[in-house]
Each structure stands twice: as C-alpha cells, then as structure tokens.
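Here's the letter readout for the chains.
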Amino acid sequence: MELFWYIVLMTMLAVYVILDGYDFGAGIVHLFFSKTEQDKKAITNAIGPFWDANEVWLIASGGVLFFAFPTLYASSFSGFYLPLMMILWLLIFRAIGLELRGQVHNKMWEAVWDKAFGISSLLLALFFGVALGNVVRGVNLGGVVDGVSTHEAHYFFLPLWNPSFSPHSEELGVIDWFTLLLGIISVVALTIHGANWIIYKTNSDLNEKLKTVVFNLNIALVALVIISVTIWHIIEPNPFHNFIKTPMLWIFPLIMLTGLFGTFKVKSFKKHGIGFLFSSLFLLGGLTSTVASIFPKVLPSTNNINPDLTLYNVAAHEYGLNIGIYWFAIAVVLVAAYMFIQYKVFSGKMDDVGYGEH
Amino acid sequence: MEDMLFYDRMQFAFTITFHYLFPQLTMGLSLLIVYFKWKFLRTHIDKYNDAAKFWMKIFALNFAMGVVTGIPMEFQFGTNWAKFSELTGGIIGQTLAMEGMFSFFLESSFLGLFLFGEKLLGHKLHFLTGFLVFLGSWASGYLIIATHSWMQYPVGYEVLENGKFVLNNFGALFSNPWLLPSYLHNQAASMVTSSFVVAAIGAFYILNNKHHEFGKLFVKTGVIFGLISSLLVAFPTGDLAAKNVVKHQPVTFAAMEGIFHTEDGGSEIVLIGQPNIREKKLDNKIAVPNILSFLTYQDWNAEIKGLDQFDPDVYPTNIPGLYYAYHIMVGLGTIFIGLMLLATLQLFRKKLYTTKWILWAIVFMLPFPYIANTTGWYTAELGRQPWLVYNLLRTSEGASPTVSSGNTLFTLLGFIGLYLLLGLLFLMLAGKIINKGPELEKHA
C-alpha cells in the first residue's frame, strides 16, 4: 500500500514537473529571448489558459504527500523551512506577474511584471533542481551534534547554505556545489522544455530562433548530465546499486537519454510538438532515474546515528491509505477528463484561437 | 519556545485572515454569476450576460488572489506545524488532499474555459463551465470545513501509542455532527459578503449616475440575495452552529457569551459589555434576562454553565478576544438583516433606486460582511484554543520542533510585506474594473 501511494505521488510530481516545467521554461525564455511586444504576447498566450491548472498539480501533490506520508511531509517541510518559504514567495510573485501584467497598459508597469515573471520563473527552476539535489544528497536527520541526536530521529533544519559550500561538511546547507549543479541542470532543461512548448503552441517569429537556442542548450545539457553522473559517486559511494540489483530500472535512464538525444533533431521535426515530447521524456526519465537510484529511501540520512527516511517508515496508517484509493480513483478519472477537455478546447496553435484578452 | 509559538500563531492567523477575504467572496459570487448566466439563457436579454461577464472579471481577480494566498496555508501545516501534521496528517491530510484533487482541478480547469471560452463553447456550455466553477468552489469550502470540524470535534479516529491519530472510520469525517451546520453557516455568510458587494457596487453606480441599468440590476439582485442570506446566517444555520458549541464545547460557549458565573433561574443575554478577567465579571453591560436560556434550550429558566464550572486549565486562551469576536459577528449580522429588510421594503415600494440614504448605507456597508466573516472565523478558532484538536492535542504541542522563532518572525514579516503589496495591487485593479463597469464590455 505504501508503494502504491509512493508511485502515485511520484507520478503526480512528474506530471507537475512536465506541466509547470514548461511554464517556468516559458518564463525563462521570456526573460532572455523575447525582445518585442509580439514575442512576449506569444509566450504568455502559450501558457495563458494552462499555467493555473498546472500549478494545481503542485498543490494536489502536496495534499497527497501530507495525507499518505505525513511524517515525510512534517520532516521535510520544517527541515527545508527557509527554501520552501522562498519558493512560496516566488510562486506568488510569479503568479501576480502573470496576472497583473496585462491589466494596465503602461511601459513601466509592464516592464516590472515582465521581470517579476521571468526572474521568479528562473529562480523557481533553479530551486526545484536544488531541492532534488538535497533529496539525493541527504540531510543531517535528527540534527546530530558530536554523535548525539538533538531532535527526534526524523527532524532536522537546514540553513540556506554553509560557509564551506560543500556537500560533505558537518553542517549542511540547502545550497552547495552539488545541489547547485542540479539546479543549473534544471534551469537548462526547463528552458529547453519551455522553448519547445512555445514552438509547439505558437506561430511566433521567435520560433526559428528558439530552435537554435534549444539545439545549443541541449549541447550544454548533455555536458552537464555527464558531469553530474560522473561526480555522483562523490555523494553516494555506489549510485548504481539499485540499477545493478534490478536491471528493469535501466528503463528510466533510457527514457532520459531518448529525450536528451531526440531533442537534437529539433530543427528537422515536421510535426510540431515532437520536440516538446522529447523534452518531456528527458524530464520524466531524469526524475524517475534519480528517484530510482535512492529507492526505497525518500530522504537519506547523512549521519550514522539516525536511520534514513524510507517510504515505509514515513507512511500513514493502513486504513486511511486503503480507503484513500477509492476517492483517489474517482478523482483521477475526473482530473483526466478535465485535462482532456481543457487541452481539447485550447488545442492547436494559440494565435489561431480567438480567445479573449486576459 | 513561547516566542516561537506566538510567531507561529500570528503567522497562521495573519495569512489565513488575508486569504479568507477572497474565497468568502468567490464562493458566493460564483452562485450569483451562475444566476446571471441562467437569467440570460432564459430571457436572452444581453444585460444579464454582460453582468455575468463583469462579475467573472471580479471573480477571476479574487480567485487568483485566493489561490496565491491559499498555497501558503498548505505549506504552513508542514513548515510551522510539523508536529501537528505528523500526528494528524493521516486524517486531516485525507480531506485536504481531497480538496486538491476534487475542487482545485475542477475550478482551475473550468475557470480558464469560462474566461477564455465563451465564443468557442456557445452559451449553454459556457453556463455549464460557470456552474462547474461554482461546484468546485463550494466543494472546496466543504472539504475545508470538514477538516476544521474534525479539529473542533474529532470523530472516526484512534490514538496510537506513539501519539499518532489514525483514521478508523472514513464516513465519520463527513457525517461529523459539527460539519453540516458549520458548512451551511459559512456558505450563507459568504453569500452575505458577495450579495453586499454586488449591491454596494450597484448602489455606487446609481449614486454616481453611471452604468445606470447595471446599477439597478446589481442593487436589486444584491438586496434580495442579501436579505435571504443574512436571514439564513442567523437562522437556522447560526443557531445550529451555536448549539453545537453549547453541546460539545460548553466552556467555549460560556466564554463567548461572557458568562462568568452560573446563574439560577435562567441566563440573560448580553447585548453589550466588557469582559473583566481579573474580577471575573462583565463591566458596563446591557443585558436582557432569560433570553439566552430560551435561545439555547427553548426553556426560559434553563441553566447555562458559566466559566466557574470549569477548570481554568481548559479555559479558552483569549477570553476577551473570543467574546468580542463573537459579539461583533452577531451584532453585525443583526444590522445586515435590518438594512436589507429596509432595502427590500423600498424595493417593493419601487422607491429603492431613489432612496439615497439607503443606497449610501449599502455602499458604506461594503467592508462589514468581511469583518463579520473574519470575526466569525475567529470565534471558531479562538473558541477551540488552547487546543489544536479539541481536548486531545494542545496548540503548544503542534509546532515544528526544529524551526527557531527567528525564522518564523522573519517569514512573518515577509508575509506582511508581500501581502501588503498584494492588497494594494488588488484594490487598484478591482477599482479599475469597477470603474470601467460592465457596459463597455460589448465594444471591447
């Protein structure tokens, strides 16, 4: 039962990353590559009817995490207190940037909210990558000082960074060189993803330029992935042990590589949307590979005193998990139906659809 | 430790107070929008469709504010109240996760369709999307109140040796005797807010001599819905909710009503008075004998337990705060009924649109439903203190063990700054939409 909810949660998170990922990517593209008013409009139109619903996947995932794995929820949310608050504020900032920009036609007003939207998208992409890095690296669970646990075994608190910036120091911080690397990978990958979405959804003049951007960034992404996999063993002595034990799991890195190399053909795709498909595969494969490498841990402990958090020791009680399946099954069907309707109504190129200004 | 608890509580109180300004409007407004759109489908008079579209703009702005200020609420359970989340997550996580899955997806998907899809969908489907938005927002309220009700009156649970609450009866969460009265009371109250807002903007238009036709429509609709909902808030929903408090939290009821001592031969109802904690009495009070006993038990001489019957250890933490919150809510509710009765009377005498003083009163009444709703929420929450889960888990036992008071203070200040900015932007934009009015819609 724990495993079922774990798979549900990871699936929801993957959906969230793919969906809100293109929103963040669009924001980064908006920040760096949109020069004219027309470009900007194309970009915000491409995510206009979707981003709100995409963000619901984060809230819903949070809800499922809370109900199915309350100990993990409590431990990680209080432990990563400061970064989560920053993420929260960035989400708010980004949302108001998007909502407010079009409300007043004034150069300065528009410039301010454009930047708010772009910069918060960039920082969110970075922070989500950093968050993944933290989960992989593990934390000082229980807050061990001099061999003595200072809190209950699963509670901890991380400051934003430590002075040595190293993932091996006694006092860990949220940002160190390892987690930052994953943050940068996340920014590059989501920029590609967002650009692919814009190419898919609009007839913007920007599209040809974006294809070049995607191609170039993909080279960088390949390099970054190689670096990160190479240095992974510095963090985790034996990063592939799960894959060696269960060779089935190689499917996840394979999905990632398919996405990664498929994206290189961006300039020759005949049908729009193929590029987006490939970058989705990369995100899906990357996320699942990372998760599979630490399975069944959900938050490793960096000290030898307190045990790792695994999906089994953080889950809620049996009865609640069992009964949850019933309402969840109904809800998933409904959500799939809503998404189908939503993407059906707003299918095709955005510029061709005459929806009102918002 | 005490500092930390204080900042945690302030942060939650501040963020939820600000947050709830928006859903209380959108829940009621969604019903009014469905009403306008339905009127249009029946009559094909354009003004109803324009009215629905105009209020949808206000709705969308409020909804966006509700969403962005709602996400911090979910986060805070984990960040600031980790211990509480860990112990009760298996139960209240259930209803909160259902809220995400059942209502947020519904609302956000169909709000997009309602806002962008009128031309694509045609009027009937457009009405349907509006109806689904309404359904989503009311379902959201239901699941939040279900969560809240469990904290007020826990049901369907058992406590494990390690202190964790686990669910053993899913159905009990939704047949909780606390739930239905609270939910209906809350929804009626949000109808009050939206009706008053609609009426106030209508009155503003009439008094300013602009968008005259819409002014009349809004005032009429707002006043009729306002009268019905403000009556419903008091009776039966408010009455039933209060009876729940009497039955399940008698010490809270004593503090709400300011009864320090049990009285023989029936309790008086206090209209005005100031609780004096040190001397255990109400100062400067004006009261009517025996009414409270009658309202509570339908018996003029029924005994109502005063605070003296309880252990001070379980007294609500802030008795004056609770007393004032409750009395402000009830007092304002009474004023709402009075004003709306007068306005309805004038409406039927066909004099409402020219009775300037009533129109002015309606305009100036605009902030007060918000105050009434907020103090109502405070009544429920302060009434539950010092407990997070009534009689089972104290608030002091629910906070995050590893987060220091400095961090909580820092983020509290951050929220205050951010929400101040949000509030200003909201007022500016809402003002802009209202000023522009619905008539220009057609040419846009």
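Residues numbered from 1 in each chain as written. Chains lettered and ligands numbered in written order. Predicted model: local features only at pLDDT ≥ 70, side-chain atom pairs only at ≥ 80, totals over all residues. Heavy atoms only, no water.

Going by the annotation in an unreviewed UniProt entry, the name recorded for chain B is Cytochrome ubiquinol oxidase subunit I, with Formosa sediminum given as the source organism. In its Subcellular location (unreviewed entry) section, the UniProt record describing chain B reads: "Cell membrane". The Sequence similarities (unreviewed entry) comment attached to chain B in UniProt states, word for word, "Belongs to the cytochrome ubiquinol oxidase subunit 1 family." (UniProt positions renumbered as here; feature names shortened; annotations may be inferred.)

Under the annotation held in an unreviewed UniProt entry, chain A carries the name Cytochrome d ubiquinol oxidase subunit II and is attributed to Formosa sediminum. The UniProt entry for chain A carries the following text under Subcellular location (unreviewed entry): "Cell membrane". We quote the UniProt Sequence similarities (unreviewed entry) comment for chain A here in full: "Belongs to the cytochrome ubiquinol oxidase subunit 2 family."

Caption draft 1: Structural context of the environment of Pro181(B). Residues and elements named next belong to chain B. Turning to its location among the elements, Pro181 is positioned in helix 7 (residues 179-207). Look at Pro181 and you get buried, because its relative accessible area is 13%. Spatially, the C-alpha atoms of Pro181 and Thr262 are 27 Å apart, while their sequence positions differ by 81 residues. The residues touching Pro181, leaving out its near neighbours within four places in the chain, are Thr237, Leu240, Ala241 and Asn244. (Helix = DSSP H or I, 4+ residues; strand = E, 2+ residues; numbered from the N terminus. Buried < 20%, exposed > 50% of the residue type's maximum accessible area, 1.4 Å probe, protein only. Contact = heavy atoms within 4.5 Å.)

Caption draft 2: Representation of the packing of aromatic side chains within the structure. Residues and elements named next belong to chain A. Going through the model one piece at a time under the given rule, you end up with 69 aromatic pairs over all chains. Judged by centre distance (5.3 Å) and plane angle (70 degrees), the ring pair of Trp5 and Phe328 falls under edge-to-face. Here Trp5, found in helix 1 (residues 2-33), pairs with Phe328, found in helix 12 (residues 318-345); they are 323 residues apart in sequence, far enough to count as distant. With a relative accessible area of 7%, Phe328 lands in the buried category. Relative to Trp327, the ring of Phe67 lies with its centre 5.6 Å away and its plane at 45 degrees, an arrangement referred to as tilted. One end of the pair, Phe67, is in helix 3 (residues 51-68); the other, Trp327, is in helix 12, with 260 residues separating them in the sequence. (Phe/Tyr/Trp six-rings, centres within 6.5 Å; stacked < 30°, edge-to-face > 60°.)

Caption draft 3: Spotlight on the pattern of salt bridges. Residues and elements named next belong to chain B. A full pass over the atoms with the stated rule returns 16 salt bridges over all chains. A salt bridge links Lys281 to Asp283, with the nearest nitrogen and oxygen atoms 2.7 Å apart. Here Asp313 ties to Arg394 by a salt bridge, and the two come within 3.2 Å at their closest N and O atoms. With Asp313 in the loop between helix 10 (291-297) and helix 11 (319-348) and Arg394 in strand 6 (residues 393-394), this residue pair connects regions lying 81 residues apart in the sequence. (Salt bridge = Lys/Arg side-chain N within 4 Å of Asp/Glu carboxyl O.)

Caption draft 4: Focus on the pairing of strand 4 (residues 281-288) of chain B. Residue and element names in this part refer to chain B. For strand 3 (residues 269-276) and strand 4, the ladder comprises 6 bridges, and the chain directions are antiparallel. By the bridge assignment, Gln274 is partnered in strand 4 with Asp283. Hairpin connection, strand 3 to strand 4: the antiparallel pair is bridged by 4 residues, and Lys280 has positive phi, about 55 degrees. (Pairing = 2+ DSSP bridges.)

Caption draft 5: Structural context of the interface of chain B and chain A. Residue-level contacts link 66 residues of chain B with 66 residues of chain A. Across the contact surface, chain B and chain A share 1 salt bridge. Our enumeration of links across chain B and chain A arrives at 13 residue pairs in polar contact (both at pLDDT 80 or more). Secondary structure elements with two or more residues in the side of chain B that touches chain A: helix 3 (46-79), helix 4 (82-116), helix 5 (118-152), strand 2 (165-167) and helix 14 (405-436) of chain B. For the side of chain B that touches chain A, the leading source of residues is helix 4 of chain B, giving 25 residues. Taken together, the residues that form the side of chain B that touches chain A break down as 38 nonpolar, 22 polar and 6 charged. (Polar contact = N/O pair within 3.5 Å; in protein donor to acceptor, adjacent residues only side chain to side chain. Nonpolar A, V, L, I, M, F, W, Y, C, P; charged D, E, K, R; others polar.)

Caption draft 6: Fine view of the packing of helix 2 (residues 37-47) of chain A against helix 5 (residues 81-101) of chain A. Residue and element names in this part refer to chain A. Close contact between helix 2 and helix 5 brings their axes to 12 Å; oriented N to C, the two are set at 115 degrees. With respect to the hand of their crossing, helix 2 and helix 5 are arranged in left-handed fashion. Along the contact surface, helix 2 presents Glu37, Lys40, Thr44 and Ile47, while helix 5 presents Arg94, Leu98 and Arg101. (Axes fitted to C-alpha atoms, helices over the stretch in contact; angles between N-to-C directions. Left-handed = near helix turned anticlockwise from the far one by under 90°.)

Caption draft 7: Representation of the side chain of Thr402(B) in the model. Tracing the sequence through the fold places Thr402(B) in the loop between strand 6 and helix 14. Among the polar contacts listed, one links the side chain of Thr402(B) to the backbone oxygen of Phe156(A), at a separation of 2.9 Å. Discounting residues that sit within four places of it in the chain, Thr402(B) has contacts with Ser78(A), His151(A), Tyr155(A), Phe156(A) and Phe157(A).

Caption draft 8: Molecular detail of the side chain of His193(A). In this structure, His193(A) sits in helix 7 (residues 177-201). Setting aside chain neighbours within four positions, we find His193(A) in contact with Ile18(A), Gly21(A), Tyr22(A), Phe276(A), Ser279(A), Ser280(A) and Leu283(A).

Caption draft 9: Highlighting the domain arrangement of chain A. All names here are of chain A. For chain A, the assigned domains are domain 1 (1-143 + 150-315) and domain 2 (320-346). Measuring from the centre of the C-alpha atoms in domain 1 to the corresponding centre in domain 2 gives 23 Å. In this assembly, 19 residues from domain 1 lie in contact with 12 residues from domain 2. Roughly 1200 Å² of surface becomes buried between domain 1 and domain 2 when both sides are summed, with 79% attributable to carbon and sulfur atoms. Per-residue buried area on domain 1 facing domain 2 is highest for Met1, Trp5 and Phe50; these three make up 37% of the total on that side. (Domains from an automatic or database assignment. Buried area = accessible area lost by both parts, 1.4 Å probe.)

Caption draft 10: A look at unusual backbone geometry. A cis amide bond links Phe295(A) with the next residue in sequence, Pro296(A), at an omega value of 0 degrees. Considering the arrangement of structural elements, one finds Pro296(A) in the loop between helix 11 (274-294) and strand 3 (297-299). Geometrically, the link from Gln385(B) to Pro386(B) is a cis peptide bond, its omega value of 5 degrees lying close to zero. Note on placement: Pro386(B) falls in the loop between helix 13 (367-384) and strand 5 (387-389). With phi around 55 degrees, His44(B) is a residue other than glycine that occupies positive phi space. Mapped onto the elements, His44(B) comes out in the loop between helix 2 (23-43) and helix 3.

Caption draft 11: Representation of the packing of helix 7 of chain B against helix 11 of chain B. Residue and element names in this part refer to chain B. In the contact formed by helix 7 and helix 11, the axes pass within 13 Å of each other and the chain directions differ by 50 degrees. Comparing their axes, helix 11 and helix 7 come out oblique. When the axes of helix 7 and helix 11 are compared, the crossing they make is left-handed. Contact residues: helix 7 offers His185, Val192 and Phe196, while helix 11 offers Met329, Phe336, Leu339 and Met340. Looking at the contact of helix 7 with helix 11 residue by residue, the class counts come to 6 nonpolar, 1 polar and no charged. (Parallel < 35°, antiparallel > 145°, perpendicular 65-115°, else oblique.)

Caption draft 12: Main features of the confidence of the model for chain A. In the predicted model, chain A carries a mean pLDDT of 88, and 97% of its residues have values of at least 70. Low confidence marks residues 352-358 of chain A, where pLDDT is under 50. Its contacts with residues over four positions away, or in another chain, come to 15 contacts. (pLDDT = per-residue confidence, 0-100.)

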